[in-house]
Amino acid sequence: MQQQIPALDGVRVVELGQLIAGPFCGQLMADFGADVVKVEQPDQGDPMRHWGHSKNGRSLSWSVIARGKRSVTADLKSADGRAFVLALVAQADVLVENFRPGTLERYGLGWDELSAANPRLILIRVSGFGQTGPYATRAGYGSIGEAMGGLRHLVGDPDRPPSRTGLSIGDMLAGMHAAYGALLALYARQRTGAGQVVDVSIYESVLAMTEALVADYAIAGVTRQRSGAVLPGVAPSNVYPTSDGDFVLVAANQDTVFRRLAAAMGRPDLATSPEYATHAARGVRQRELDDLIAGWTAHHRADEILAVLEQHGVPAGRVYTARDMLDDPQFQARESIVRVPDPELGPIPMQNVAPRLSATPGTIRWPGPALGAHDAEVRAALLPGE
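All figures in this text were calculated on a predicted structure; none of them were measured in a lab.

Participant: Where do I start with the overall build of the protein chain in this structure?
Facilitator: The secondary structure content of the protein chain amounts to 16 helices and 13 strands. Referenced to the eigenvectors of the C-alpha coordinate spread, the extents of the protein chain come out at roughly 80 × 50 × 40 Å. Residues counted as buried form 42% of the 386 residues belonging to the protein chain. In the protein chain, once contacts between residues fewer than 6 apart in sequence are set aside, the share between residues at least 24 apart is 67%. Summed over its atoms, the accessible surface of the protein chain is roughly 20,100 Å², and 55% of this surface lies on carbon and sulfur atoms.

Participant: Please clarify how the side chain of threonine 73 should be interpreted in this entry.
Facilitator: Inspection of the secondary structure assignment puts threonine 73 in strand E5 (residues 69-73). What threonine 73 contacts, discounting residues up to four positions off in sequence, is Glu40, Pro42, Phe84, Leu371, Gly372, Asp375 and Arg379.

Participant: Would you explain the environment of alanine 182 in this entry?
Facilitator: Tracing the backbone through its elements, the reader meets alanine 182 in helix H7 (residues 169-192). Under the relative-accessibility criterion, alanine 182 is labelled buried at 0%. For the pair alanine 182 and valine 94, spaced 88 residues apart in the sequence, the C-alpha separation amounts to 7.3 Å. With residues up to four places along the chain from it excluded, the contact list for alanine 182 reads Met29, Ile122 and Ile124.

Participant: Can you walk me through the sheet that holds strand E1 (residues 12-15) in this structure?
Facilitator: Strand pairs in the sheet, formed through backbone hydrogen bonds, run parallel or antiparallel to each other. Pairing is parallel across the open sheet formed by 6 strands, whose spatial order is E5-E2-E1-E6-E7-E8. The outermost strands of the open sheet, each flanked by one partner alone, are E5 and strand E8 (197-201). Adjacent strand axes in the sheet meet at a mean angle of 20 degrees, parallel and antiparallel pairs treated alike.

Participant: In this structure, what is going on with the packing of aromatic side chains? I would like to understand it.
Facilitator: Within a pair of aromatic rings, the relevant descriptors are the distance that separates the centres and the angle that separates the planes. Taken as a whole, this structure holds 4 aromatic pairs when the rule is applied. Between phenylalanine 99 and tyrosine 107, the ring centres sit 6.4 Å apart and the planes meet at 85 degrees, which makes this aromatic pair edge-to-face. Classification of phenylalanine 99 by relative accessible area gives buried; the value is 14%. Ring centres of tyrosine 320 and phenylalanine 331 lie 6.0 Å apart, and the angle between their planes is 45 degrees; this geometry places the pair in the tilted category. In this pair, tyrosine 320 sits in the loop between strand E11 (316-318) and helix H14 (322-327) while phenylalanine 331 sits in helix H15 (residues 329-333), placing the two residues 11 residues apart along the sequence. According to the relative accessible area criterion, tyrosine 320 is partly exposed, its value standing at 32%. Residue classification places phenylalanine 331 among the partly exposed residues on the basis of a relative accessible area of 24%. Over the ring of tyrosine 135 we find arginine 138; its NZ or CZ atom is 3.7 Å from the centre of that ring.

Participant: I tried to follow the pairing of E5 on my own but got confused; where do I start?
Facilitator: Sheet faces and side chains relate simply in a regular strand, where the side chains alternate between the two faces. The element E5 is extensively covered by neighbouring structure, given that 5 of its 5 residues are classed as buried. Side chains Lys69, Ser71 and Thr73 of E5 all project onto a buried face; the interleaved residues Arg70 and Val72 project onto the opposite face, where all are buried too. Both strand E2 (residues 35-40) and E5 contribute to a ladder of 5 bridges, which runs parallel. Note on E5: the bridge partner recorded for valine 39 is valine 72.

Participant: For this particular structure, what's the right way to read unusual backbone geometry?
Facilitator: For residues other than glycine, phi is negative in most cases, and the peptide bonds are mostly trans. Residue proline 236 is reached from alanine 235 by a cis peptide bond, and omega for that bond is -5 degrees. Relative to the helices and strands, proline 236 is located in the loop between helix H9 (213-220) and strand E9 (237-241). That bond from alanine 354 to proline 355 is cis: its omega, 0 degrees, falls within 30 degrees of zero. Counting through the fold element by element, proline 355 comes out in the loop between strand E13 (348-351) and helix H16 (375-382). Positive phi, normally seen in glycine, also occurs at leucine 19, with a value near 65 degrees. Relative to the elements of secondary structure, leucine 19 occurs in the loop between E1 and helix H1 (21-31).

Cut-offs applied
- Residues numbered from 1 in each chain as written.
- Predicted model: local features only at pLDDT ≥ 70, side-chain atom pairs only at ≥ 80, totals over all residues.
- Heavy atoms only, no water.
- Helix = DSSP H or I, 4+ residues; strand = E, 2+ residues; numbered from the N terminus.
- Buried < 20%, exposed > 50% of the residue type's maximum accessible area, 1.4 Å probe, protein only.
- Contact = heavy atoms within 4.5 Å.
- Areas by Shrake-Rupley, 256 points an atom, 1.4 Å probe, with all protein chains shown as cover.
- Pairing = 2+ DSSP bridges.
- Axes fitted to C-alpha atoms, helices over the stretch in contact; angles between N-to-C directions.
- Phe/Tyr/Trp six-rings, centres within 6.5 Å; stacked < 30°, edge-to-face > 60°.
- Lys NZ or Arg CZ within 6 Å of the ring centre and 35° of its normal.

Read these as spatial facts, not as claims about activity.
This is how it looks when you write it as structure tokens:
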């Protein structure tokens, strides 16, 4: 069988970012074979090395977000450090940074200097508010981008203050848009031969995911509000209790699927009743329909409900924790979670590469490395004159 080569094999990336937004871009590119050289400050490194839960003093978050990358050290405030970065850039395809706008320029590593060292370079700039505009130089973490991009206003219950998801979703959306922008720029470079700057803001990365939120207000006069576990007017699609203290999520808002749910409940009359027969009618009676379905699920165990809904072709599932994911046969069959060997911690379970490419798949080559683990290797291979 012919060896499968990752999609980004041969692409060289220099990562100057820290924490999540920029480094997540680097993680996604490393997953698909890019040679990502992460440049960190000597002695301290990326703060992400110390964030989140740890084992034996090792951050597990670092093990994931820095997977497949090579770590080198350089002090960007020193002439030697800047010269080292420029030498890396001269041989790179992409540079990723997520400093506050103006920081690279103060180091003498702005676009003019970088593009002079390598006219084909693609510079990915991730920041809270982008490189332009009156807010450009403001500090902008992912949480602020989530708030100003419209997400926080929609998360939580309507009778409580805005909430958040349990993940750094704003940072990660920015990282995904950064990786997307890098690929677009690489494709454009095939035609033009020239590099360019990709300007990614966290708030716009969140805003891009808000569907018709702005148009709903500007044209229809509707300001979307927090709605808890449901989407207003989309029913049934909710989490329902079971007799064994569990919950199942049932999504049967499409007319044909609702007919199948009604049959599974032993209530085929619901599908022909004018109160529930159409998507619009069910949306008007969303709460009473949820109460009716909850009355049915509460008298059955979760596994019984899931079995009968599967038999009738109704989308349903439990609300998983990490333990559920590790035990689930679907996750196991597709290797959705893989165990990556670590010399200190042993195999570390983590999410596998996504998406899946049939001919040029990605892979996780190693977990987040020790600080400066690849200093000698990178200098010898990429900078033989050092």
